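A look at the structure
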Amino acid sequence: MKVLHQNALLLGMMTLLLSAPVLAYDKNDEQVIQQDIAKMHDAMKKQNGQVFVDMMPEPILKQMAKSLGMNLADTKALLAGMASGMSGTDVQFRANLAKIKVYQSKTKRDYVFIPTTTTMDGVAVEGKMFGVKDNGKWSYITWQDRYKKWVKIAYPDIQKLP
């Protein structure tokens, strides 16, 4: 009887563990995102657009290139050059990690929306940044409503978008 009770208890615990929702986003992800935000902040100061392009989700970049009728390399070069064209402009970037919203797609892909404030020549604009973890790596893009279609094509498992 005691063995039967132990087996039932073990089976119950295993069922509970296996049925519990798994959210892979954790403190390590938070640290990576904080470090990436710091890199972006530094790149903004140095007006190094290549850093931002290198941190963008490749599948979304491909959709962007397709939409622009350009190849991927030219699209990346265009985006990186945009930051260089802003030399002499006072641009500041701040991300509010305390208000990050974490989501998980139906295939368990983690993605986040991070509230941001970009100040250019004294004018502050509130926005958000979309971050997605793909193959163990986080990548980001400043969120705009027009990007919804690209995200849905690039990541069909992601359904919940603002």
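Computed from a predicted model, the values in this text were never measured in an experiment.

Cut-offs and rules
Residues numbered from 1 in each chain as written. Predicted model: local features only at pLDDT ≥ 70, side-chain atom pairs only at ≥ 80, totals over all residues. Heavy atoms only, no water. Helix = DSSP H or I, 4+ residues; strand = E, 2+ residues; numbered from the N terminus. Buried < 20%, exposed > 50% of the residue type's maximum accessible area, 1.4 Å probe, protein only. Areas by Shrake-Rupley, 256 points an atom, 1.4 Å probe, with all protein chains shown as cover. 1 Å grid on protein atoms, 1.4 Å probe; cavity = no way out; pocket = protein on both sides within 12 Å on 5 of 7 lines; lining within 4 Å. Points joined across faces, edges and corners; volume = space filled by probe spheres on them. Nonpolar A, V, L, I, M, F, W, Y, C, P; charged D, E, K, R; others polar. Phe/Tyr/Trp six-rings, centres within 6.5 Å; stacked < 30°, edge-to-face > 60°. Pairing = 2+ DSSP bridges. Expected span 1.5 Å × (residues − 1). Arc of directions from axis to C-beta. Contact = heavy atoms within 4.5 Å. pLDDT = per-residue confidence, 0-100.

Within the protein, the secondary structure is distributed over six helices and five strands. For the protein, the sequential pattern of α-helices and β-strands runs α-α-α-α-α-β-β-β-β-β-α. By the burial criterion, 33% of the 162 residues in the protein qualify as buried. Total accessible area on the protein is roughly 10,400 Å²; 58% of this is exposed by carbon and sulfur atoms.

Note: most peptide bonds trans; most residues except glycine with negative phi. We note that Lys108 has phi near 75 degrees; this positive angle belongs to a residue other than glycine. Topologically, Lys108 is positioned in the loop between strand S2 (101-104) and strand S3 (110-120). A positive phi angle, close to 50 degrees, is found at Asp121, a residue other than glycine. Secondary-structure assignment places Asp121 in the loop between S3 and strand S4 (123-134).

What follows concerns the layout of surface pockets. The calculated volume of the largest pocket comes to roughly 1,100 Å³. Around the largest pocket, the lining is made up of 37 residues, and of these Phe52, Met82, Thr142, Gln144 and Tyr147 lie nearest the centre. Only helix H2 (27-46), helix H3 (49-54), helix H4 (58-68), helix H5 (72-84), strand S1 (91-95), S3, S4 and strand S5 (137-142) provide two or more residues apiece to the lining of the largest pocket. With six residues, S4 is the single largest residue contributor to the lining of the largest pocket. Considering only residue class, the lining of the largest pocket consists of 25 nonpolar, nine polar and three charged.

Applying the stated criterion across every chain yields a total of eight aromatic pairs. Ring centres 6.4 Å apart and planes at 80 degrees place the aromatic pair Tyr111 and Phe113 in the edge-to-face group. For the pair Tyr111 and Phe113, one class covers both residues: buried. Three or more aromatic residues joined by ring pairs make a cluster, and in this case those are Tyr103, Tyr111, Phe113, Phe130 and Trp143.

Right, let's get into the pairing of S2. With four bridges joining them, S2 and S3 adopt antiparallel strand pairing. When the bridges of S3 are listed, Val102 appears paired with Val112. The antiparallel hairpin formed by S2 and S3 contains five residues in its connecting segment, where Lys108 sits at a positive phi of about 75 degrees.

A rise of 1.5 Å per residue sets the reference length of H2, with its 20 residues, at 28 Å; its end C-alpha atoms lie 29 Å apart and thus fit the reference within 8%. By the burial criterion, the buried members of H2 are Asp29, Ile33, Asp36, Ile37, Met40, Ala43 and Met44. The arc enclosing the buried residues of H2, seen along the axis, measures out at 120 degrees, which places them on a common side. Away from its buried face by more than 90 degrees, H2 exposes Lys27, Asn28, Gln35, Lys45 and Lys46. Of the surrounding elements, those touching the buried residues of H2 are H3, S1, S3, S4 and S5. Two residues or fewer after H2 comes Gln47, characterised by a positive phi angle close to 55 degrees.

Predicted confidence across the protein gives a mean pLDDT of 82, with 80% of residues reaching 70 or more. Element-level pLDDT for the protein is lowest in helix H1 (residues 2-19), with a mean of 37, against a maximum mean of 95 in S5. Here residues 1-23 is a poorly scored stretch, pLDDT under 50, and it has five contacts once near neighbours within four places are set aside; other chains count.

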